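Commentary on secondary and tertiary structure
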Amino acid sequence: HLPNKPNSFNQAAISHSHTPTKHMHSPTLTSPINLLSNKSQTYAWGKPANESLVYQLAESFVMSRTLDADVVMRKNYSYIDQICTVKSNGDQDLSPYAELWMGTHPNGPSQVLHQREDSDQGTLSLSQYLRQKKLVQNADAVPQGEELPFLFKVLSVNQALSIQAHPNKIRAKQLHANDPEHYKDPNHKPEMTVALTDFEMLCAFKKRIELPQELTDALELEEHRGVIEDRVVLRNAFSKLMRMDAQRVRKLVDAAVDRITRHKGGPQNKEEELLMRLNGLYPNDVGVFCPYFMNYVILKPGECAYLAPNEPHSYLYGDCIECMACSDNVVRAGLTPKFRDVDTLVEMLSYKMDKLKNLLHGTGRVIGNHIKVYLPPAEVKEFKIVKVDLPPGEETQWQLEHVSIAIVMSGAARLNVLSKKEQKEEILHEHALDVSQGDSLVIDPNTNIRVDNEGKENLLIFIATQK
């Protein structure tokens with residue numbers, strides 16, 4: 001376990017009893033709401049199963065839904081087979097469950113569960129579903145044809161991800177053309193993160209940077225006394241640091257660790273604490289110095305950060321919702337065993353030292369009864385995030401213009417589809433769907449949803465849709 005990390009997601013807050021016979025009026029392809037089966041990704045930085053929200057959601061879904069489609073779903077997704085096998089054997093799963101993917105990305109496409117004409121449960125890919133129903137038509141926002149323009153995720157982060165940034169559209173096209181092995185598509189990848197727990201991250205450059213003596217000397221900043229308040233000085237210093245050879249970096253890290261350990265009482269500030277923590281995970285990596293340059297941020301549950309192109313960031317610990325333009329383009333330069341493209345990273349960064357205030361987007365804007373929206377900047381057309389946080393005994397209603405993907409984080413309720421006839425709304429009972437923690441679903445455009453929370457705990461649903 002990492003020292004000094006925020007508390008894990010409160011498992012009790014999202015738990016509920018699962019019944020194998022949820023009320024469900026057998027949605028077919030004629031239904032505007034259909035359940036999804038999604039891909040869980042196990043990466044080294046993910047939380048172990050017994051601490052991972054990603055695993056909790058996957059397990060909840062498997063335990064409550066596989067009785068309907070056990071064979072089909074286990075065939076489609078190895079993680080479902082793994083959960084079923086571990087459960088049946090009474091074993092403990094030690095895999096690091098890092099991400100739950102919802103969308104049409106080829107490395108983890110969602111499957112739509114639907115009722116076939118022969119009355120058996122079946123699946124088809126979300127891409128097939130969208131094509132058959134002709135639901136995605138904005139070609140400008142969907143560079144891959146008829147795929148969704150966004151990828152929706154839940155993340156459970158146990159240790160630091162790479163020091164990274166994402167290219168804008170112009171650079172993404174250049175990178176893909178010049179190095180398709182590492183940059184597999186020509187799209188940009190703006191991201192939004194909504195915290196589910198206290199969520200630690202490094203994000204954007206500080207407004208005023210104060211360096212310790214070993215870095216001041218190594219970066220030849222004596223005349224500035226180790227203080228950086230200018231973009232040009234920052235560009236030169238950060239580029240020089242990230243391009244240092246491994247032997248020199250090792251000596252710098254050794255000097256920093258020696259200085260910190262000589263302090264009575266250990267680290268004297270957050271930068272020293274983070275350096276020691278990161279060095280324990282990635283020994284002698286140049287990225288351990290990034291806390292001196294970048295803002296350390298803890299998002300509180302419900303708070304949002306927008307990760308703009310050309311801005312450095314690194315997730316450190318916690319659980320979050322994430323939505324992004326559908327792309328694989330990540331430029332890395334530290335804290336990773338993966339491919340590092342240092343020259344590209346240091347050349348593409350904005351080096352803006354007052355950017356953080358524009359990246360933190362608060363707790364969303366109220367757009368309805370117990371409904372908030374998190375909007376990226378105007379130039380990002382691919383996605384927005386909607387949160388439904390419905391207390392017991394309350395009801396709410398929403399209707400979104402584009403195809404949307406929803407995931408139930410906690411609680412249980414029946415989703416009703418409304419139809420308007422002669423200025424009166426009527427419930428289409430044949431499309432009603434009972435959902436609970438771990439369930440996710442695709443909702444057709446302009447579907448009017450009403451939900452009544454008749455349970456004893458808050459119903460928390462996050463929704464991703466095109467802006």
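Refer to the preceding data block for the structure.
Residues numbered from 1 in each chain as written. Predicted model: local features only at pLDDT ≥ 70, side-chain atom pairs only at ≥ 80, totals over all residues. Heavy atoms only, no water.

1. Quick look at the overall build of the protein
For the protein, the count of helices and strands is twelve helices and 26 strands. Counting only residues that meet the buried cut, the protein has 58% of its 467 residues in that class. Within the protein, contacts between residues separated by at least 24 positions form 78% of all contacts whose residues are at least 6 apart in sequence. Surface summary for the protein: the accessible area is close to 19,800 Å², and the carbon and sulfur share equals 46%. (Helix = DSSP H or I, 4+ residues; strand = E, 2+ residues; numbered from the N terminus. Buried < 20%, exposed > 50% of the residue type's maximum accessible area, 1.4 Å probe, protein only. Contact = heavy atoms within 4.5 Å. Areas by Shrake-Rupley, 256 points an atom, 1.4 Å probe, with all protein chains shown as cover.)

2. Remarks on the pattern of salt bridges
If you walk through the whole model with that rule in mind, you get 21 salt bridges. Here K240 makes a salt bridge to E220, at a shortest N to O gap of 3.0 Å. You can see K240 sitting in helix α7 (residues 231-242) and its partner E220 sitting in the loop between α6 (213-218) and β11 (227-228), a full 20 residues away along the chain. Of the charged contacts, one joins R243 and D343 as a salt bridge, the two residues approaching to 2.9 Å between their closest N and O atoms. (Salt bridge = Lys/Arg side-chain N within 4 Å of Asp/Glu carboxyl O.)

3. Re helix α9 (residues 270-281)
In a regular helix each residue adds 1.5 Å, so twelve residues correspond to 16 Å; α9 covers 17 Å between its end C-alpha atoms and thus fits that length. For α9, the set of buried residues is E272, E273, L274, L275, R277, L278 and N279. Residue N269 occupies the N-cap position of α9, its side-chain oxygen lying 3.2 Å from the main-chain nitrogen of E271. (Expected span 1.5 Å × (residues − 1). Polar contact = N/O pair within 3.5 Å; in protein donor to acceptor, adjacent residues only side chain to side chain.)

4. Quick look at the nonpolar core
With 58 residues, the main nonpolar core has F152, V154, I321, I407, M409 and F462 as its most contacted residues. With five residues, the top contributor of residues to this core is strand β6 (residues 150-157). Judged by nonpolar contacts, the second largest core, of 48 residues, contains L219, Y282, M348 and M353. (Core = buried A, V, L, I, M, F, W, Y, C linked by side-chain atoms within 4.5 Å.)

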